[in-house]
Amino acid sequence: MKKTIFNFIRNNYLIITILIVGIALRFYNIFNLHLVNDELSALSRTLYNNLNNLINNGVMQLDTHPALIQIFLYFYTKLFGFNDFVVKLPFLIFGVFSIYLSYKIAVQFFSKTSGYITASYIAVLQYTIMYSQIARPYSSGLFIVLAFTYYIQDFIFKNEVSKKSIFLLIFFGTLGAYNHYFSSLTIILISSYAIFLIKKENLKKYFLSLSAIALLFTPHIKITLHQISLGGLSWLGKPDFNFIKNYLGYIFNYCWLLAIFAVGIIVLGFIFINRKEKIKYSIFTLFIFLMPFFIGYYYSIKMSPVLQFSALLFSFPFLLMFLSSFIKELTKKLNFLIVTFILTFGTISLIFIRKHYVITYKTPFYEVASNLKADLNKFGIENISESFVLNGNFYINKYLVDFNIDTTKLKSNYQKINVDIKNFKNFVYNSKTEYFAFGSLLSLSDIYLTNIIKEKYPYLVNCSDNYFLFSKNNHKPSVKTTIIDTVFYNKLDFSTQNNIWNYNNNNILLDTIYHKKYFHFKNSDEYGPTITINLDSILSHKNNIIIVKAKVKSNTNNSKLAIVSDVFNSDSSLHWSDANISNFTDETSSISHFYKIIFLQDIKRTKKTFNKIYLWNNNKNEFDVFEIEIIVLNGKLNPYGILEPLN
């Protein structure tokens with residue numbers, strides 16, 4: 001028995017090592033990895049009281065994925081609860097099994113060397129690790145697609161296909177269709193191309209198997225058609241060259257040593273050329289990798305954006321198989337050296353280049369609840385008011401409960417992505433507490449709300465990426481540098497000369513009560529004060545955030561006064577946007593503060609890029625403008641650090 005185990009380890013030590021490294025990297029510090037917005041969204045949809053409501057509301061109305069994982073989570077959480085690790089565990093396991101399946105498939109198609117290379121990359125890349133750590137249909141889809149491919153190989157290489165292989169092909173093919181539309185697409189592409197590879201004597205069983213998969217998917221067609229009718233992902237931009245560039249960087253941890261080595265493997269393949277009959281499988285793997293990208297890209301450009309890195313995960317192993325397909329079986333020593341190189345530099349780049357265990361492990365909802373708990377303990381629950389911007393109360397309440405915070409005693413205001421400014425301002429202004437906590441849990445687009453808070457609570461006490469605590473009285477901040485630090489400030493109040501603003505001096509009037517000058521829009525004036533700034537002269541880094549704030553008195557309820565931002569270079573306008581005063585007006589006061597936020601991280605700029613900011617009186621109403629402020633906030637140096645290169 002001992003000898004058998006020893007022989008097994010000796011004969012398989014490389015793949016065992018790869019699996020151990022893959023497990024270690026996926027499970028390292030896993031109890032400190034908490035749920036992200038996408039996962040909490042899925043969990044919030046498990047709260048329906050029956051399966052019918054889950055399908056009709058939680059899947060058809062609120063999701064863009066097929067029903068499999070939502071139904072799985074519905075029953076799984078009823079059995080095991082909402083503990084973060086427990087929720088993630090099945091998907092971590094899928095990620096580990098995917099390493100081994102990719103090895104087995106590559107060995108069958110090409111060689112053990114190809115298997116070691118493919119499995120080694122999948123074990124250490126952030127791409128496959130991160131999606132293994134998220135309880136969504138990504139690592140499950142990767143596993144299912146690989147399992148489907150594994151059993152389709154029986155139809156390709158065996159003269160007689162067992163009933164077990166037929167059943168499992170149908171099983172995994174059906175699961176793939178119900179898991180994610182891109183895993184379904186990948187399975188369709190594999191099934192279609194495999195027709196040219198399968199032995200003739202197995203074709204009848206194969207077509208019957210595919211027919212069974214199609215038949216088993218028919219109950220979901222109604223759901224699919226409804227989801228298609230809703231359109232794509234409205235928040236997702238269309239892919240461009242940067243998408244391709246960042247994808248190619250991301251799949252190799254932005255470590256060009258790993259990328260160059262992968263390309264070098266092809267060169268090595270021409271030196272140690274594999275058998276010519278394997279070329280058809282090389283073409284097959286390249287086809288399976290490229291086609292989901294081309295189809296997703298075309299659909300995103302012509303129809304509606306759907307293409308994301310996550311959608312290409314299911315076909316990604318086939319790229320690795322293709323890269324290693326030309327190389328013949330190498331000696332054990334060479335295989336050892338290749339595996340050691342990939343595992344070593346993959347792990348180093350994961351930890352030090354991608355900072356995976358620092359950046360990815362910062363999850364907003366847990367972070368906000370953790371900071372709030374500390375501040376409640378320090379200052380008292382009766383002394384803090386709170387406001388959270390999120391998709392639903394469940395998202396934050398889960399962690400508030402985990403921290404034993406009595407939510408019935410909180411003085412909380414909940415806002416959704418389209419913030420009700422009037423409601424938010426009233427909540428802030430009517431708060432009687434000494435402190436005000438704010439949780440920004442969707443995106444930085446609501447960061448301007450901190451300026452509204454600072455009108456009553458001017459002093460920052462505590463701050464993290466997504467959490468801010470303000471006070472009425474002066475406090476020493478707990479952190480030195482924050483994302484809302486001001487790196488540039490300019491104020492136009494018309495009382496003193498401001499040379500960088502342009503406006504008509506004939507519109508300047510004097511308030512006889514307060515003895516302050518202001519800019520008066522007559523009903524014949526369409527454009528007001530204007531400033532044009534060279535962005536290089538005011539920014540500290542490329543991802544700063546610009547906030548424009550105007551204090552205005554309106555004489556009508558049908559105003560169209562807007563703050564306009566036009567980012568342009570010598571060739572053309574790069575980004576035009578506006579913010580209308582009607583979103584900020586308060587019926588209780590004729591004077592309003594309204595804001596325009598400009599995210600430079602989303603604008604493709606050249607070296608000489610300018611920002612023209614002006615007031616646009618589209619309806620030509622009468623207005624009094626008392627002041628305009630331009631505030632450049634520090635922002636996040638790496639707002640999309642999980643997927644893009646780190647600065």
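In case you missed it, the structure is sitting above this.
Report on the accompanying structure. It should be emphasised that the depicted structure is a prediction, and the values quoted were computed from it without experimental measurement.

What follows covers the sheet that holds strand β2 (residues 411-415). Taking strand neighbours across the sheet as the criterion, the five strands line up as β2-β1-β3-β5-β4 in an open arrangement whose pairing is mixed. The two strands at the open ends of the sheet, each matched to only one other strand, are β2 and β4 (459-463). Adjacent strand axes in the sheet meet at a mean angle of 20 degrees, parallel and antiparallel pairs treated alike. Strand contacts of helix α21 (residues 421-430): β1 (384-389), β2 and β3 (435-440), with the helix running at about 165 degrees to β2, the strand carrying the most contacts.

In this structure the tally under the stated criterion is 11 salt bridges. Here Asp63 makes a salt bridge to Arg45, at a shortest N to O gap of 3.2 Å. Here Asp63, found in the loop between α3 (51-59) and α4 (68-80), pairs with Arg45, found in the loop between α2 (37-44) and α3; they are 18 residues apart in sequence, far enough to count as distant. Note on Arg45: relative accessible area 4%, which makes it buried. We note a salt bridge from Glu160 to Lys205, for which the minimum N-O separation is 2.7 Å. Pair noted here: Glu160 is in the loop between α8 (139-157) and α9 (163-179) and Lys205 is in helix α11 (residues 203-217), with a separation of 45 residues, a long-range link. A relative accessible area of 28% means that Lys205 is categorised as partly exposed.

Turning next to the nonpolar core. One finds Ile18, Tyr121, Tyr127, Phe172 and Phe252 to be the most contacted residues of the largest nonpolar core, which totals 102 residues. The leading source of residues in this core is α8, at 11 residues. Judged by nonpolar contacts, the second largest core, of 60 residues, contains Ile421, Ile452, Val548 and Ile628.

Before going further, it helps to examine the packing of aromatic side chains. Across all of its chains, the model carries 66 aromatic pairs by this definition. Judged by centre distance (4.9 Å) and plane angle (80 degrees), the ring pair of Tyr28 and Tyr357 falls under edge-to-face. You can see Tyr28 sitting in the loop between α1 (2-27) and α2 and its partner Tyr357 sitting in helix α18 (residues 356-359), a full 329 residues away along the chain. Clustering of aromatic rings is evident, with ring pairs tying together Phe72, Tyr76, Phe80, Phe91, Phe94, Phe97, Phe143, Tyr150, Tyr151, Phe167, Phe171 and Phe172. When the ring centre of Tyr399 is taken as origin, the NZ or CZ atom of Lys398, which lies over that ring, is 4.5 Å away. Taking NZ or CZ as reference, Lys612 lies 5.5 Å from the ring centre of Tyr614, over its face.

Another aspect to go through is α9. The terminal C-alpha atoms of α9, which comprises 17 residues, lie 24 Å apart, in line with the 24 Å expected from a rise of 1.5 Å per residue. In terms of burial, α9 is a largely internal element, 13 of the 17 residues being buried.

Procedures and definitions
- Residues numbered from 1 in each chain as written.
- Predicted model: local features only at pLDDT ≥ 70, side-chain atom pairs only at ≥ 80, totals over all residues.
- Heavy atoms only, no water.
- Pairing = 2+ DSSP bridges.
- Helix = DSSP H or I, 4+ residues; strand = E, 2+ residues; numbered from the N terminus.
- Axes fitted to C-alpha atoms, helices over the stretch in contact; angles between N-to-C directions.
- Contact = heavy atoms within 4.5 Å.
- Salt bridge = Lys/Arg side-chain N within 4 Å of Asp/Glu carboxyl O.
- Buried < 20%, exposed > 50% of the residue type's maximum accessible area, 1.4 Å probe, protein only.
- Core = buried A, V, L, I, M, F, W, Y, C linked by side-chain atoms within 4.5 Å.
- Phe/Tyr/Trp six-rings, centres within 6.5 Å; stacked < 30°, edge-to-face > 60°.
- Lys NZ or Arg CZ within 6 Å of the ring centre and 35° of its normal.
- Expected span 1.5 Å × (residues − 1).

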